[in-house]
Amino acid sequence: MIKETQRAVSKNRSSSSLLSTTKYDNNIKKGAITMTLKPYAKSASKSSSISNNNDAGAAGGRRSRRKRSSKRQMTYVRNGFGGMESIPEESHTIPSNSKRLKRFVPALVFVTTTLAMIVSSQVWEDHFTLSSSNPRRSSLSRLRGGGSRALSRALLTPESVDQYPFSNFLNVDEPPPKHSKKGVGTGFYWQIPRSGGTTLKHIMGTCLGKVQAARTSADYCDIHSDTLSTCQTKFGEYVNADPSDHGGIQRADHLNLIPSGLSDVIVSSRILHASTLFDEEHKGRLFTIFRDPIERAVSTFYYLRNAEWERNYRPEFKSMSLLEYAALPDTSSNWMVRWLTGKNADPDLTKDDLEFCKELLRRKFLVLLTDEMSSSIQRLLHYMDWADIPKNKFDETKQCLKESIHKETGLNQAKHPTPEKGSAEYEALRRINHLDLELYEYAQELFVEQWSVLYKGEGTQLNELFLEDLTIEENQDQDQPQEKEQ
């Protein structure tokens, strides 16, 4: 055995012309002895190392510091029989299990993140993409520009009103079918910021006793439950579903909020996304309340500078002028047109976008105005068939409505100056809201036209008696400045 070993060593020494300078570690007691070989003549100036497993860290450090050759290096390992076996340099030192795991951590994180993104994308796609046998799939594909583009980049035309998801809502002049299922005719209040939203929700919840699903639900109800239920708040009764954000809409859809019939009205600004809660068998009714876009922009500026309770509270507005606020890149511009078309982040809006919004209002929306609050509430009661007030609650409900409409104080109200037409502040706000201004003017026209459509003699007497005193009081107080709220 000793002679065989000596012959092997002698044989290996005879091939020393292929070896670089070799250093032997006298402290080697066990483990495989390794020698690094490099191509002859091309790397003769480079030295190789011989190390055992205990010296792997030092050897690795030396290798990382020296310039690596573009050629693949080979390492020869002395086996237990005195021979030499070639292995790639990557296997030069066999790492421990912990070091092996460390090598796979980045790859594992990458794979996990990618899978999570794919699943999340698929969940979002499932909100819109249906089975090939469903006719809504083809209409959605046309709406989204072939299905591969995002909904927010879709080309919307007036004809798109007949397509999904807008087909999930009844037309303004279309009554709900008789003996309809639960959820058919459920109201959808598209909430425009600083446009009477708090007052309208108070009227629906406190005065009329209607069950709502809104952002308020997240503050009072268990929105993490696996089942739907209602909870009592100081603003009325709410369902434990929050349709104001993406996650809340997904959960409400999963729990079949609309078919459950628990909610009388859905409140959300995300009309395109939240419209998927409805379907052809459970169509909803759209309504919203409009306010002059310039007044709304001014109100937003003064409100956010003081509203510490809001999640988008902006204290830096306190040191800014209205003109500086209008020049900020993140100041809301043409908010209504952007949210109706889904082009929230698109810098370019066109007249085609405006025409689509006009047609959508004309066909699907009951139009209410903050400047005509009493008349608007009267129309809403008739439109949603909410005017059947019990006699024992008639006076109480009437008083509640009067106080809500004429309320002049509260957390969501503020006294502030409004710029005059032609002023620098007014023109600056007009430039970034010119499409919204045109849409608002069209909404005012619809407000007049819809009177003849909605009132055909049915229930008119009850509604007029219900709000008769309010109209008289409003005419008497016209000369007194009033905050039109939100």
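Caption draft 1: Geometry of the overall build of the chain. Secondary structure summary: the chain contains 18 helices and ten strands in total. Long-range pairs, those at least 24 residues apart, make up 71% of the contacts in the chain with a sequence separation of at least 6. For the chain, the accessible surface area stands at approximately 26,800 Å², while carbon and sulfur atoms represent 51% of it.

Caption draft 2: Layout of the state of the cysteines. This structure, assessed with the given rule, holds two disulfides. Across a sulfur-sulfur distance of 2.0 Å, C207 and C400 are joined as a disulfide pair. Between C207 and C400, the disulfide has an S-S torsion of -75 degrees and is therefore left-handed. In this pair, C207 is assigned in helix α5 (residues 197-207) and C400 in helix α15 (residues 394-405), connecting sequence segments 193 residues apart. Each of the two residues, C207 as well as C400, counts as buried. By sequence order of its bonded cysteines, the chain has the disulfide arrangement 1-4, 2-3.

Caption draft 3: Fine view of a nonpolar patch on the surface. Together, F110, V111 and L115 line one region of the surface with nonpolar side chains, adding up to about 320 Å² of accessible area. Mapping F110 onto the fold places it in helix α3 (residues 97-126). For F110, a relative accessible area of 59% corresponds to the exposed category.

Caption draft 4: Region of interest: helix α14 (residues 373-383). Buried residues dominate α14, accounting for ten of its eleven residues. Taken together, the buried positions of α14 are occupied by M373, S374, S375, S376, I377, Q378, R379, L380, L381 and Y383. Of the residues flanking the end of α14, it is D385, one or two places downstream, whose phi is positive at about 60 degrees.

Caption draft 5: The pattern of salt bridges, seen in detail. Applying the stated rule across the entire model yields 13 salt bridges. Among the salt bridges present, the one from E438 reaches K351, with a minimum N-O distance of 2.6 Å. Residue E438 is found in helix α17 (residues 434-454), and its partner K351 is found in helix α13 (residues 351-364); the two are separated by 87 residues along the sequence. The partly exposed category is assigned to K351, whose relative accessible area is 48%. Notably, a salt bridge pairs R363 with E359, separated by 3.6 Å at the nearest N-O pair. One end of the pair, R363, and the other, E359, are both in helix α13, four residues apart, so they sit about a helical turn from each other. We note that R363, like E359, is buried.

Caption draft 6: Structural context of the packing of helix α10 (residues 293-304) against α17. Running from N to C, α10 and α17 point in directions that differ by 125 degrees, and their axes come no closer than 9 Å. Classed by the angle they form, the pair α10 and α17 counts as oblique. Contact residues: α10 offers P293, I294 and R296, while α17 offers D436, L437 and Y440. When grouped by side-chain class, the residues that make up the contact of α10 with α17 number four nonpolar, no polar and two charged.

Caption draft 7: The pairing of strand β8 (residues 265-268), seen in detail. Residue alternation in β8 divides its side chains into two sets, V265 and V267 and I266 and S268, and both sets are buried. As defined by bridge partners, strand β5 (residues 212-213) adjoins β8 across two bridges and the pair is classed as parallel. Of the residues in β8, the one forming a bridge with A213 is I266.

Reading the values: the criteria
Here the residue index of a chain counts from 1 through its sequence in written order. Local features in this predicted model are restricted to residues whose pLDDT is 70 or higher, and side-chain atom pairs enter the listing and the counts only when it is 80 or higher, whereas totals over whole chains, interfaces and linings include all residues. Based on all heavy atoms of the structure, the side-chain values leave hydrogens and waters out of the count. We count a stretch as a helix when DSSP gives it H or I for four or more residues in a row; a strand needs E for two or more, and each element gets its number in order from the N terminus. Should any heavy atoms of two residues lie within 4.5 Å, those residues are considered in contact. To measure how exposed things are, a 1.4 Å probe is used in the Shrake-Rupley method; for residues, cover is taken only from the protein chains shown. The rule for a disulfide is simple: a pair of cysteine sulfur atoms within 2.5 Å. With a 1.4 Å probe rolled over the protein chains alone, any residue whose accessible area is under 20% of its type maximum counts as buried; one over 50% counts as exposed, and the rest are partly exposed. Residues with no salt bridge and a relative accessible area higher than 30% make up the patches, which join like charges within 9 Å and nonpolar side chains (Val, Leu, Ile, Met, Phe, Trp, Tyr) within 5 Å. Salt bridge criterion: a side-chain nitrogen from Lys or Arg within 4 Å of a carboxyl oxygen from Asp or Glu. Only the stretch in contact is used when a helix axis is fitted, and all axes are lines through C-alpha atoms; the angle between N-to-C directions ranges over 0 to 180 degrees. Orientation labels follow simple angle bins: below 35 degrees gives roughly parallel, above 145 gives roughly antiparallel, 65 to 115 gives roughly perpendicular, and whatever is left gives oblique. Each residue is assigned to one class: nonpolar for Ala, Val, Leu, Ile, Met, Phe, Trp, Tyr, Cys and Pro, charged for Asp, Glu, Lys and Arg, and polar for all the others, Gly among them. The criterion for strand pairing is that DSSP finds at least two bridges linking the strands in question.

Read these as geometric descriptors, not functional statements.
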